[in-house]
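Report on the structure
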2 protein chains.
Amino acid sequence: MDYGALDAELRDRNADGVVHVGDRFDDDLRYLTGFSGPDREYAFVYDGEGGEAILCAPQLFEEQAQREFSGTVVSAAEQEATTAGERAADLVSGTVLVPQSIPHDTALWLERAGCDLESTAVVERMRSRKTEAEIERIRTVQEAAQTGMARAETVLASTEVEGDPLIWEERVLTTERLRREANAAMALEGVNPVGNTVIGAGERCADLHFTGDIPIKRGETVLLDLSPRGPEGYYGDLSRTFVVDLEGGWERRAYVAVERAQEAAFDALSEGAGTLASTVHEETAAEISAYGFRPDGTPGFTHGTGHGVGMSLHEAPSLRSDTELEAGMVLTVEPGVYDPQEGGVRIEDLVVVREEGFENLTEYPRSLVPEVRSSGQ
Amino acid sequence: MDYGALDAELRDRNADGVVHVGDRFDDDLRYLTGFSGPDREYAFVYDGEGGEAILCAPQLFEEQAQREFSGTVVSAAEQEATTAGERAADLVSGTVLVPQSIPHDTALWLERAGCDLESTAVVERMRSRKTEAEIERIRTVQEAAQTGMARAETVLASTEVEGDPLIWEERVLTTERLRREANAAMALEGVNPVGNTVIGAGERCADLHFTGDIPIKRGETVLLDLSPRGPEGYYGDLSRTFVVDLEGGWERRAYVAVERAQEAAFDALSEGAGTLASTVHEETAAEISAYGFRPDGTPGFTHGTGHGVGMSLHEAPSLRSDTELEAGMVLTVEPGVYDPQEGGVRIEDLVVVREEGFENLTEYPRSLVPEVRSSGQ
């Protein structure tokens, strides 16, 4: 792990150290340490003077910390203090940079130890620009998401459409059955479906985070959004929309608008590093508008064009922000059109910004009518 | 959701409200709201005077909050404040109870709004004693873990043992291949393997949280610890240890010690509510000691006998604590014996404490030699 950005921030801010406390679900901490940790708090300390990164390992997790963290591991037995905040406070002094949302008790321990606290967003900035090694990890997770999508698309293509709802393997196909098939296919590829597998059908496609169980009917949109997490903590993010036994005009119109909008986003991104994030969103929304849908509400486009993906599923930058895109930023490109009376269509790829243009990390076909897919690519 | 315990705590503490801020990975918050939320901060506010529970829903998540939360949903558009902490501060006054680890910026917003902050552990206490509805959710997740274990045990029982390492379906069987099979089987049951599937082989069984990829050999212990998470956020927790082509004396001795230790724990738990948690651990450790292994170190028992399981994989109470067990507490019972030179054995069931005795939520056979299992039960 390269902590050069922490050194630079400490110099700029004339500060002495960085402290971060959280549990395994704190993505900044996992990014800083590589430690997949326990579900209780532990501390990361960066000492600016010696350039030393320290992990205060929780009891029973010393071995795992040694295996996963490249810096110095301090075991619980080596410290008198017991809480993560107090242990961190024992290892720093002077001006300490912390994230805004550091646990309140940790802040109090640090202040009691005489430290001056200042908040920093340096970790968010570090995370937004990925190294090639991080990009390869994300690519691998995205490939597993593609395998999950291929399984789900194949199931949809294999349904019987005689009656309504759809029948698959002699039972009614529901969003939950489809979710389980996609999740199992992703698990076999070594990634974890961590509760983010959103599958909507018909009107519920307009409900952006629908994870319930409803029958899937012929002629309605089926929107799948797969965002598994890989073993090193990085996410993938892939959405496709299908209609079995397509007839309706709305579904076709919405699909064409969304396909064209994604192309407009790609056109904007082809300028590469230096492009304003909000320009990508504006170009995308304008294209949706050109097809007769609202660019900023229902019926139409109800969310942003994309967000950063990495150690968190949603991280900086947002494509609605006025950030200048930098090489190495990994972003979703996911226009959508929703109408609570009709359904919803979204297509989502994952791309990485390059100095010149961008690279699409997704290689999954786009087709409104589901086909049998032999694999994810 | 019954917030009676919050009312009682507010009366006892002479306080006016409860505030909690976190993201979807904050299990207290998910417990209080049922909201599976986004990966950015949102706020829960409980107003003691009116007995009103309020969720400050993040943008784009209003629909999901309405669907999942039984109290009042306040949308982002209804409030001028934008951060979760500031939004919460707008809705409370007087003495406000917060968890110790509330985000520091939320604490500052509340103080700026004139609130007096006091920390509370009421949510941890509420969570430790499960309702029957919660127990049923945990039972369902445990059943899915059993299906995962059955798949893994069947794979082990189906290996070819001619050479070393083991061969399964014409390729070397590794801990990662076995993990993927178990995870996929659990995903098909509708639960999520969220990165906690620990599978050790041989010496690496002594490394309690091993998630790496190594070949599995004949005659060595294979330790599987499955702890998937269900769609409503509750965990299961199940461990078994197998040896393919068993010969060694150490593996047999360790297994007998661990089996007997688990029986000793069950004997202690059969006293039901009122039993001291630490008594269960002491009886278990004493039995391991009686078989010639260390009760508190290597080679022997290196961890506690169990912990609470619910919305977190590890929660109160620990079986090493001096808590009196209460009816409705869901606990793991997981003695183990580890020797870095030999391997490791752990057997883990999930039980619920009843007024009289306890109920085992696990129905999975115990056998050191793997067998082909047709299902999880």
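Residues numbered from 1 in each chain as written. Chains lettered and ligands numbered in written order. Predicted model: local features only at pLDDT ≥ 70, side-chain atom pairs only at ≥ 80, totals over all residues. Heavy atoms only, no water.

**A few points about the side chain of Thr332(A)**
All names here are of chain A. Going by this rule: Think of it this way: any DSSP run of H or I at least four residues long counts as a helix, any run of E at least two long counts as a strand, and we number them from the N terminus. What qualifies as a polar contact is a pair of N or O atoms within 3.5 Å, subject to a donor-acceptor requirement within protein and to the restriction that residues adjacent in sequence count only when both atoms come from side chains. In this description, contact between two residues means that some pair of their heavy atoms is separated by no more than 4.5 Å.
Turning to its location among the elements, Thr 332 is positioned in strand S14 (residues 330-333). Within the local environment of Thr 332, its side chain forms a polar contact with the side chain of Glu 334, the two groups lying 2.9 Å apart. Ignoring any residue separated from it by four or fewer positions in sequence, one finds Thr 332 in contact with Asp 237, Thr 305, Gly 306, His 307, Val 309, Leu 319, Glu 348, Asp 349 and Leu 350.

**Re the pattern of salt bridges**
Short version of the rule: By definition here, a salt bridge exists when the distance from a side-chain nitrogen of Lys or Arg to a carboxyl oxygen of Asp or Glu is within 4 Å. Relative accessibility under 20% of the residue-type maximum defines a buried residue, over 50% an exposed one, and the middle range a partly exposed one, all with a 1.4 Å probe and only protein chains included.
As enumerated under the stated definition, the model contains 54 salt bridges over all chains in all. Of the charged contacts, one joins Glu371(A) and Arg373(A) as a salt bridge, the two residues approaching to 3.6 Å between their closest N and O atoms. Glu371(A) gets classed as partly exposed once you look at its relative accessible area, which sits at 40%. In this structure, Arg139(B) and Glu359(B) form a salt bridge, with 2.9 Å as the shortest nitrogen-oxygen distance. Taken together, the residues span a long stretch of sequence, with Arg139(B) in helix H7 (residues 132-157) and Glu359(B) in strand S18 (residues 358-360) at a distance of 220 residues. Classification of Arg139(B) as buried rests on a relative accessible area of 18%.

**Quick look at the side chain of Glu334(B)**
All names here are of chain B. Tracing the backbone shows Glu 334 in the loop between strand S14 (330-333) and strand S15 (336-339). A polar contact is formed between the side chain of Glu 334 and the side chain of His 307, at a distance of 3.0 Å. Setting aside anything within four residues of it in sequence, one finds Glu 334 in contact with Phe 301, His 303, Gly 304, Thr 305, Gly 306, His 307, Arg 346, Ile 347 and Glu 348.

**Focus: the domain arrangement of chain A**
All names here are of chain A. Put simply, the test is: Bear in mind that the domain bounds are from an automatic or database domain assignment. Buried area: the accessible surface (1.4 Å probe) lost by two parts on joining, summed over both.
Per the domain assignment, the segments making up chain A are domain 1 (4-127) and domain 2 (129-360). Centre-to-centre, using C-alpha coordinates, domain 1 lies 35 Å away from domain 2. Taken together, the contacts link 7 residues of domain 1 with 12 residues of domain 2. The junction of domain 1 with domain 2 conceals about 750 Å² of combined surface from both sides, 35% of it contributed by carbon and sulfur atoms. Sorting the residues of domain 1 by area buried against domain 2 places Asp 27, Arg 30 and Arg 127 first, and these three jointly supply 70% of that buried surface. The interface formed by domain 1 and domain 2 includes 2 salt bridges. Here Asp 27 makes a salt bridge to Arg 229, at a shortest N to O gap of 2.9 Å. Inspection of the domain 1/domain 2 interface yields 8 residue pairs in polar contact (both at pLDDT 80 or more). Put simply, the parts of the chain that give the side of domain 1 that touches domain 2 at least two residues each are helix H2 (27-33) and helix H6 (122-128).

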